[in-house]
Amino acid sequence: KGISYSLWFLGYILLGFVVGYFMNPAIWRMGKISGAMTMPDCFRWRYGSKALEVLVAVICIVFLLPWMQMQFAGLATILRYIGWDISYTVGIGISAAIAYLYIAVAGIRAPAWISIMKDILMMAAIVSGGLVAIHNMPGGISGIFDMAIAHFPDKVVIDAEPITKNATFVFSTIIFQALGFCVTPLQYQFIFTAKSEDTIRRNQIIMPLYMFMYPFLIVAAYFVLVTVPNLNDPDSSFMALAAANLPEWTVGMVAAGGALTCILVIAVSALNLGGIFSRNIWGVFRSSVSQKQAVLVTNMATGASLLISVVLAVMLPNLMLGVINIAYFWATQCFPMALATFFWRGATRTGVFAGLLTGVVAIVVPQVMGNGRATAQLSFSSKADLAVLPILLLSFVAKAIVTLLTIRSGASGGVLQPGIALGASGGAILGILWMQVFHTNSIGMYALLGACALLAASQQAPLMAICLVMELADAPINLFVPIGFAVAVSAFTASRLAAPLAALHLPRPSTPVKR
């Protein structure tokens, strides 16, 4: 909010262009070498992994859906400010119809020429809005910010606390999203259509000039803050300024610029999503695909993406800033993979897949990151409530898969702490189920039993597991008996299963050829 939002928006875009100046030419070269048409195509060609291709395609789709949702919300807001007395839901429906007609009629041809008109209208609208705000406020810019400081002091400073609002959060978010700005599926699409590397670098130099209009937008936003009391929808601030201070024909121009921007982004995103789904998900599981089938699936996926985005916009009408953050949570996970792909020959498909999967899973289950301490703490501190089971199950499965993939990729790291974390999660899950029937003890004791049992089995060191976990947990001496019994059972089971499991990984003896 306030000044932190201004710093964030300006900072991540400008920094993104700097990163893109060095990153985007490498993406272009990879696209030309591989003949890639979509973002997942690059990584399929580089690593030869269909699983990685599908994972990247899913990330692209999850990024594009909230991106389209944001445009629908903006278009519905514009419709309400041009004199249409309609509800938000009806506005979303009309916006969807307009976007569908635009895509059906114009296809992929129109975005190229209509974007020029959109840029001119948006630039004129924002600069005009800022100038009108300065003209209508006594004292001009100083008057606007003096009133903001007097009546809304929290909007002109960056909070020191909590950590989710302070300067550390703001600047780390700027860096995080600047990296993601370079690896969105839309960015790949634009890069692949460039003529040369020099064209890309030239664009990265020229594009920041668009931010010339941003100071006018900040002035307009603070003007609305101090002159329009109780504005229920912060996303409609600029339209509120235009409707209250500009002539009607000018409001129409502002609305036209905003509507063209929304429709253009929706069209490009929907067509990109449809192509990614048909080529990198549906096409992966089909041995042969005709041109007619590919076009049909692309059209169906494009229509489905519009429908899903409309449902998201109606059911989850979040602030646009929140929607942007959700989209970048997913997109930025691809940056380390892209960096390794383009600049490190030693990157392996298993390692890249494990790293990407860890980042994606961590969006939903943050406990999966690190050595397992967060997962173990969650298990020991959980309540004996069935509502906790899904979280524990998800943490257990996610941590197990990510740990196995990480070890498989050859990355550095051990299994000691992950073993404790997985054992604690498994023990807590079984303990919650047990306590629903018998109502005994605390969940922490079952987590402790599970941690000792799994560690003893994985390390083949029962005494070490008992001593280590009990010392770490500062467990009372009377738990030695149940823990010893659990460890004995797990160690015995592991010893009996070790040989059959090892045999599964041994190469089968070749059959001698008869001559």
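Now for a description of the structure that goes with this document. (Residues numbered from 1 in each chain as written. Predicted model: local features only at pLDDT ≥ 70, side-chain atom pairs only at ≥ 80, totals over all residues. Heavy atoms only, no water.)

### So, the packing of aromatic side chains
Move 1: Counted according to the given criterion, the structure contains 15 aromatic pairs.
Move 2: Ring centres of Phe17 and Phe181 lie 5.4 Å apart, and the angle between their planes is 85°; this geometry places the pair in the edge-to-face category. In this pair, Phe17 sits in helix 1 (residues 2-34) while Phe181 sits in helix 7 (residues 167-181), placing the two residues 164 residues apart along the sequence.
Move 3: Classification of Phe17 by relative accessible area gives buried; the value is 8%.
Move 4: Three or more aromatic residues joined by ring pairs make a cluster, and in this case those are Trp8, Phe9, Tyr12, Phe17, Phe63, Trp67, Phe181, Tyr214 and Tyr328. (Phe/Tyr/Trp six-rings, centres within 6.5 Å; stacked < 30°, edge-to-face > 60°. Helix = DSSP H or I, 4+ residues; strand = E, 2+ residues; numbered from the N terminus. Buried < 20%, exposed > 50% of the residue type's maximum accessible area, 1.4 Å probe, protein only.)

### Focus on the packing of helix 2 (residues 39-47) against helix 3 (residues 50-80)
Move 1: Relative to each other, helix 2 and helix 3 sit at 160°, their axes nearing to 9 Å. Comparing their axes, helix 3 and helix 2 come out roughly antiparallel. Pair helix 2 / helix 3 crosses with right-handed handedness. Across from Met39, Pro40, Asp41, Phe43, Arg44 and Tyr47 in helix 2, the residues of helix 3 making contact are Leu52, Glu53, Val56, Ala57 and Cys60.
Move 2: Of the residues that constitute the contact of helix 2 with helix 3, the class distribution is eight nonpolar, no polar and three charged. (Axes fitted to C-alpha atoms, helices over the stretch in contact; angles between N-to-C directions. Parallel < 35°, antiparallel > 145°, perpendicular 65-115°, else oblique. Left-handed = near helix turned anticlockwise from the far one by under 90°. Contact = heavy atoms within 4.5 Å. Nonpolar A, V, L, I, M, F, W, Y, C, P; charged D, E, K, R; others polar.)

### Quick notes on the environment of Leu306
Move 1: Along the chain, Leu306 turns up in helix 13 (residues 291-315).
Move 2: A relative accessible area of 7% places Leu306 in the buried class.
Move 3: Residues Leu306 and Thr173, spaced 133 residues apart in sequence, show a C-alpha to C-alpha distance of 29 Å.
Move 4: The residues touching Leu306, leaving out its near neighbours within four places in the chain, are Met68, Phe72, Tyr100, Ile103, Ile266 and Ala270.

### Quick notes on the nonpolar core
Move 1: Counting residues in each nonpolar core, the largest one holds 114 residues, and the members touching the most others are Phe43, Leu52, Phe72 and Tyr188.
Move 2: When residues of this core are assigned to their parent elements, the largest contribution, 17 residues, is made by helix 3.
Move 3: Those residues in contact with Phe72 that sit more than four places away from it in its chain are Ile92, Ser95, Ala96, Ala99, Ile266, Leu306, Ser309, Val310 and Ala313.
Move 4: With 28 residues, the next largest nonpolar core counts Ile429, Ala451, Leu479 and Val487 among its residues. (Core = buried A, V, L, I, M, F, W, Y, C linked by side-chain atoms within 4.5 Å.)

### Overview of the packing of helix 8 (residues 185-192) against helix 12 (residues 248-282)
Move 1: Between helix 8 and helix 12, whose axes approach to 10 Å, the crossing angle comes to 90°. Viewed along their axes, helix 8 and helix 12 adopt a mutual orientation that is roughly perpendicular. Packed against helix 8, whose contacting residues are Pro185, Leu186, Gln189 and Phe190, the element helix 12 presents Val268, Ser269, Asn272 and Ile276 at the interface.
Move 2: Classifying every residue of the contact of helix 8 with helix 12 gives five nonpolar, three polar and no charged.

The values reported here are purely geometric and, on their own, carry no functional implication.
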